[in-house]
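Tertiary structure, described
Take a look at the letters that make up each chain.
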Amino acid sequence: MSGEQLAFDREHLWHPYSSMTAPTRVYPVDSAAGVRLRLQRDGRPVEVVDAMSSWWAAQHGYAVPELDAAVRDQLGRMSHVMFGGLTHEPAVELGRRLVDLAPAGLDKVFLADSGSVSVEVAMKMAWQAHAASGLSRTKMFTVRGGYHGDTFSPMSVTDPDGGMHSMYGGLLIEHVFADKPPAPDEPLDTWIEETTRLFEQHADEIAAVIIEPLLQGAGGMHVYSPDAVRHLAALARRHGALVIFDEIATGFWRTGTRWAGDRCDVVPDILCVGKALTGGYLTLAAAITTADVAARVDASPAGAMMHGPTFMANPLACAVACANLDLLASYDVAATVGRIEADLTQGLAPAGELASVAGVRTIGAVGVLELREPVDVARVTEAALDRGVWVRPFRNLVYAMPPFICTRADIATITAAMIGAVEEVHG
Ligand SMILES: *Cc1c(COP(=O)(O)O)cnc(C)c1O
């Protein structure tokens, strides 16, 4: 990429959560293969290990032969056709695989074009399901610290502080927020009493509980106990509300099990998946629900599910998702993620000694360093690149969710770089 192109980027392109008037530095990437990104630093090419899987997505790394082939093969037939009134093999085959992978009973699939849209759809399903019985249940019950996407409805159930609810006051539906669930080693009793009381106060208005089970991702990389997940689901069911699990980040074995919900022994009424679905190749997500919810949605005054994106079930995305799910079925993913978890845990343990580090935690193929102060993102990014690793910290968190194909040496490179970079910049 030329200096002129980089200048154009700076002048004209928004990047995620970035300022147009004072953008932070971005690094051009020329290509990527395996777990490595080939990027430019000050005009020089460097190869670094990607510790981020491109935001939870590329769990098999880059230029994956099976995934490349799936896209090419589909390209030879068609890239896209509308899904209204038409269907195609990639959608059907993906639907079949998702129904097999989803917990028993979840077998009605809505293919959406991004995670946020799948959450929109899940929330709409819940609202429509209650509209059928004439109940005015318009509120979601959730916990603080969550993240469900950036469009308005998902934003309205995202953490009120992290989601800047005060700035959007009047534009967001006000939902019911319980406190963030305690970490696994903290007592639960008080939180359970308080959430129960809060739920009971609003029971008649609650359409659904929506949570990221076990691990809150972009809201703060907070791990919490399966008991808390079970409690929230039980509250919902006791009071006739639905349970929505947003597993867009946690799904497909990222936390060690197929779904984070598996570890909690809870089957939701609606499951949202996204991010790693296509192995990071193309944007695709799904909201998967039960026959019962689907029937209730159809019994609503609308008579059908009122959603239909232009690029619904895009064939290229469905084809690569099929190939990616076939890859996941071809090896022992749980054992692989278990090995990564052990290596992340061992590799990050020495960070506990650093003065700047308040906490170290791992769950599945996710490793987190929590700092006592906000991360100097630009400097920590540079310091990690010096050590051959791409990380993208936020707030007070430096974390990794590496591709599952990382070798033990790659994981050691990642953990050493995280610790080295944090120590160099924050002490
Ligand atoms: C990323 C994410 C979303 C939003 O997905 P997009 O594809 O970015 O719209 C929703 N929920 C969770 C838990 C996520 O991690």
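Residues numbered from 1 in each chain as written. Predicted model: local features only at pLDDT ≥ 70, side-chain atom pairs only at ≥ 80, totals over all residues. Heavy atoms only, no water.

Here we come to the overall build of the chain. Regarding its fold elements, the chain presents 13 helices and 16 strands. For the chain, whose C-alpha radius of gyration is 22 Å, the value lies close to the compact-globule estimate of 22 Å for 427 residues. Taken over 427 residues, the chain has a buried fraction of 54%. For the chain, the share of sequence-separated contacts (at least 6 apart) that also reach a separation of at least 24 residues comes to 72%. Summed over its atoms, the accessible surface of the chain is roughly 18000 Å², and 55% of this surface lies on carbon and sulfur atoms. (Helix = DSSP H or I, 4+ residues; strand = E, 2+ residues; numbered from the N terminus. Rg over C-alpha atoms; globule rule 2.2 N^0.38 Å. Buried < 20%, exposed > 50% of the residue type's maximum accessible area, 1.4 Å probe, protein only. Contact = heavy atoms within 4.5 Å. Areas by Shrake-Rupley, 256 points an atom, 1.4 Å probe, with all protein chains shown as cover.)

We now examine the UniProt feature "binding site: substrate" (unreviewed entry) in the chain. According to UniProt, the feature "binding site: substrate" (unreviewed entry) maps to W55, Y147, K275, G308 and R392 in the numbering used here. Across 338 residues in sequence, these annotated residues place their C-alpha atoms as far as 33.4 Å from one another, rather than forming a single compact spot. With residues near it in sequence (within four places) discarded, Y147 still touches Y17, T158, E212, A218, G219 and D246. A polar contact is formed between the side chain of Y147 and the side chain of Y17, at a distance of 3.3 Å. Tracing the sequence through the fold places K275 in the loop between β11 (270-273) and β12 (285-290). (UniProt positions renumbered as here; feature names shortened; annotations may be inferred. Polar contact = N/O pair within 3.5 Å; in protein donor to acceptor, adjacent residues only side chain to side chain.)

Its location among the elements puts R197 in helix α7 (residues 189-202). Along the primary structure R197 and A178 are separated by 19 residues, whereas in three dimensions their C-alpha atoms are 9.9 Å apart.

Now for the sheet that holds strand β1 (residues 29-33). Taken in spatial order, the four strands of this open sheet run β1-β2-β3-β15, and their pairing is mixed. Taken across any chain shown, the strands that pair with only one partner, and hence form the sheet edges, are β1 and β15 (389-390). Pairing geometry for β1 and strand β2 (residues 36-41), over four bridges, is antiparallel. Across the sheet, residue S31 finds its bridge partner in β2, namely R38. (Pairing = 2+ DSSP bridges.)

It is worth spelling out the site of the ligand at this point. Looking at the ligand, the residues that line it are S114, G115, S116, Y147, H148, G149, E212, D246, I248, A249 and K275. D246 has a polar side-chain atom sitting 2.7 Å from a nitrogen atom of the ligand. Here K275 contributes a side-chain N or O atom positioned 2.6 Å from an oxygen atom of the ligand. For the ligand, whose accessible area on its own is 380 Å², the fraction buried by protein is 83%. For the shell around the ligand, the per-class residue count stands at three nonpolar, five polar and three charged. (Near = heavy atom within 4 Å. Nonpolar A, V, L, I, M, F, W, Y, C, P; charged D, E, K, R; others polar.)

Positioned with a positive phi, M221 is a non-glycine residue whose angle comes to about 50°. Tracing the backbone through its elements, the reader meets M221 in the loop between β8 (215-216) and β9 (222-223). Phi at R395 takes a positive value of approximately 45°, unusual for a residue other than glycine. Relative to the assigned elements, R395 resides in the loop between β15 and β16 (397-400). Accessibility expressed as a relative area gives 46% for R395, which makes it partly exposed.

A pair can form between side chains of opposite charge whenever their charged atoms are brought close. Tallied over the entire structure, the rule returns 17 salt bridges. Across the pair E47 and R38 runs a salt bridge whose closest N-O atoms are separated by 2.9 Å. The class of E47 is partly exposed, set by a relative accessible area of 43%. Taking the shortest distance from any N to any O, the salt bridge between R41 and E382 comes out at 3.0 Å. (Salt bridge = Lys/Arg side-chain N within 4 Å of Asp/Glu carboxyl O.)

Our next topic: the nonpolar core. One finds L94, L98, M140, I244, F252, V273 and L277 to be the most contacted residues of the largest nonpolar core, which totals 127 residues. Counting contributing residues per domain, this core is built from domain 1 (3-63 + 331-426) and domain 2 (65-329), each supplying no fewer than three. Ignoring sequence-local partners within four residues, the contact set of M140 consists of M123, A126, W127, V157, H175, V176, I206, A207, A208, I210 and I244. In this structure, L67, A70, L316 and L327 belong to the second largest nonpolar core, which totals eight residues. (Core = buried A, V, L, I, M, F, W, Y, C linked by side-chain atoms within 4.5 Å. Domains from an automatic or database assignment.)

What follows covers the UniProt feature "modified residue: N6-(pyridoxal phosphate)lysine" (unreviewed entry) in the chain. Per the UniProt entry, the sites bearing "modified residue: N6-(pyridoxal phosphate)lysine" (unreviewed entry) are K275 in this numbering. With relative accessibility at 31%, the residue K275 sits in the partly exposed group. What K275 contacts, discounting residues up to four positions off in sequence, is W55, W56, A57, I248, A249, G280 and L284.

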